[in-house]
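One-letter residues, chain by chain:
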Amino acid sequence: MELDVTIARKTLRTASGQTRTILHDVAFSLRQGEVCACIGPSGCGKTTLLRIIAGLDADFEGRVVLPIEHKTGMVFQEPRLLPWRSVAQNLRLVGVSSENDLAEIVASLRLSLHLDHFPGELSLGLARRVAIARAFAIKPDLLLLDEPFVSLDAALAARLREELLALVMKRKATTLIVTHDVEEAIAIADRIIVLAAAPGHLIADRTIEAPRGALTHARIAKLKDAILSVMANAGS
Amino acid sequence: MRKPTIKALSLWRPGHTKGSLFRLTPLVLLLLIWQLGSHVASPGMLPSPLAVVSVIAAEAWSGALFLNLAITLARVAASFALAMVLGTVLGVAMGRDKTIDRLCDPLLIVLLNLPALVVIVLAYIWIGLNEAAAIGAVALNKLPNTTVILREGTRALDKSLDEMARVFGLPLGTKLRHVVLPQLAPYFAAAMRTGLSLVWKIVLIAELLGRSNGVGFEIGIAFQLFDLTRLLAYALPFVGLMLAIETFLVQPFERHISRWRPRHGT
């Protein structure tokens, strides 16, 4: 599924009645199955960008073009599970593609022992895993993730990244992942867009030519330096 | 491993029997004080519990007690249901829509403060001394209370869960059943609990003023005869009935809807 985003301006009216620009001149398009990481400092409008693409915020100048028929899976910054439904019900409610897929996802995210628990009985890390499983379970065409691996231990985060990539490969889900971890972005993305803060705008759009996992350490270090220097220049 | 379906269906567990017995203690104490008081006061002022029980038995034997209880209970049920349904619809509408809220709010405040007696008398005069007037007047007394509580509940709906439902494209039915109603349920339970007590108090007044049967009517007769024994013989079984409904219907419902909350120290 292709995604085409053009945001000329997104403003917000503050409580004191002033108009504040959150985002301007953000335009990019993603091919089907492309994994794009969006990085930038806090407050640069990354979450706002995701909300606009998810259709939760229609109050902006510009347009977002998506196929009419598509399934969006989203992992919010907070798990946003239904506290009055068990883990299994939370997963089934969003419309699971098939029982086999669900069993597979549950097993790979190690949730099998927690299916009967209510979200209030889970640790934050576990709840995040359920939220990730929920986004995967519907077999989305468009996958939007807002810092999904924050507050997970390094080993689990690494495994979840692999799960994510496996799903994207299998399903050709177009993916936009918001993160502020440059290394994470390099590890999973084919494409990295960088936003600068106050107000948020696009300052870099880099495609990583090498196939995933084929990057050498030297190449990763070079990419990281390049992105960090772009961000540093924008900040000064 | 736990089995949530079974847990959800068992509305009360064996442990609650002990709790119910404990809850009865103050009632038993009240009965003792009554017994002692009846020795001091004249029978006209306070008849002994035994005298009241014998009248209850006589009324039960003739069938009049059950008939009147059933009639009153039916009126309570009808006006309660009417007020809950209409009050919920209005409350949700007012909670969701600012224009409707602004339009209906003054009316709501008037209704909240209008004495029950005024509504009942007006209903009897305008509609007539009939069942519709009685039930409608009682429902109208309860309605603003339900509306205010459900409006609060609607305003408190979690926006982040609503967004989740929108992004994942949940069908309306699924969204109502799994996202919206569980959030409104505690408010609904609160409206039920305050509503039930309010309704049965007002139903008796409506019966006293304009019906020829029911517990309220019987109490009216007892008042005219200054027959305190008879008054208590009708009042007490009715109180017992309401206590039973509260214990066996309202409280299990509240436990059922809050079963997902982690229990602390129980």
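All figures in this text were calculated on a predicted structure; none of them were measured in a lab.

Novice: Just to check I follow, could you spell out the overall build of chain B for this structure?
Specialist: Along chain B, the regular secondary structure elements total 11 helices and zero strands. Starting at the N terminus, the α and β elements of chain B follow one another as α-α-α-α-α-α-α-α-α-α-α. In terms of principal-axis extent, the alpha carbons of chain B reach across some 70 × 55 × 30 Å. Here chain B, with 266 residues, has 38% of them falling under the buried criterion. Looking at chain B alone, contacts between residues at least 24 apart form 76% of all its contacts between residues at least 6 apart. When the accessible surface of chain B is split by element, carbon and sulfur atoms take 73% of a total near 15300 Å².

Novice: Just to check I follow, could you spell out the pairing of strand S6 (residues 142-146) of chain A for this structure?
Specialist: Side chains on a regular strand alternate between the two faces of the sheet. All names here are of chain A. Buried residues dominate S6, accounting for five of its five residues. Side-chain alternation along S6 places Leu142, Leu144 and Asp146 on one buried face and Leu143 and Leu145 on a second face that is also buried. Here strand S5 (residues 72-75) runs beside S6; their pairing, made up of four bridges, is parallel. Counterpart to Gly73 in the pairing with S6 is Leu143. In this sheet, strand S7 (residues 174-178) lies alongside S6 in parallel orientation, the contact comprising five bridges. The residue bridging Leu144 from the neighbouring strand is Leu176, located in S7. Crossover connection from S6 via helix H5 (residues 154-171) to parallel S7: handedness right-handed.

What counts, and where the lines are drawn
Residues numbered from 1 in each chain as written. Chains lettered and ligands numbered in written order. Predicted model: local features only at pLDDT ≥ 70, side-chain atom pairs only at ≥ 80, totals over all residues. Heavy atoms only, no water. Helix = DSSP H or I, 4+ residues; strand = E, 2+ residues; numbered from the N terminus. Buried < 20%, exposed > 50% of the residue type's maximum accessible area, 1.4 Å probe, protein only. Contact = heavy atoms within 4.5 Å. Areas by Shrake-Rupley, 256 points an atom, 1.4 Å probe, with all protein chains shown as cover. Pairing = 2+ DSSP bridges. Right-handed = clockwise from strand over helix to strand, strands pointing away.

Taken by themselves, the reported measurements are silent on function.
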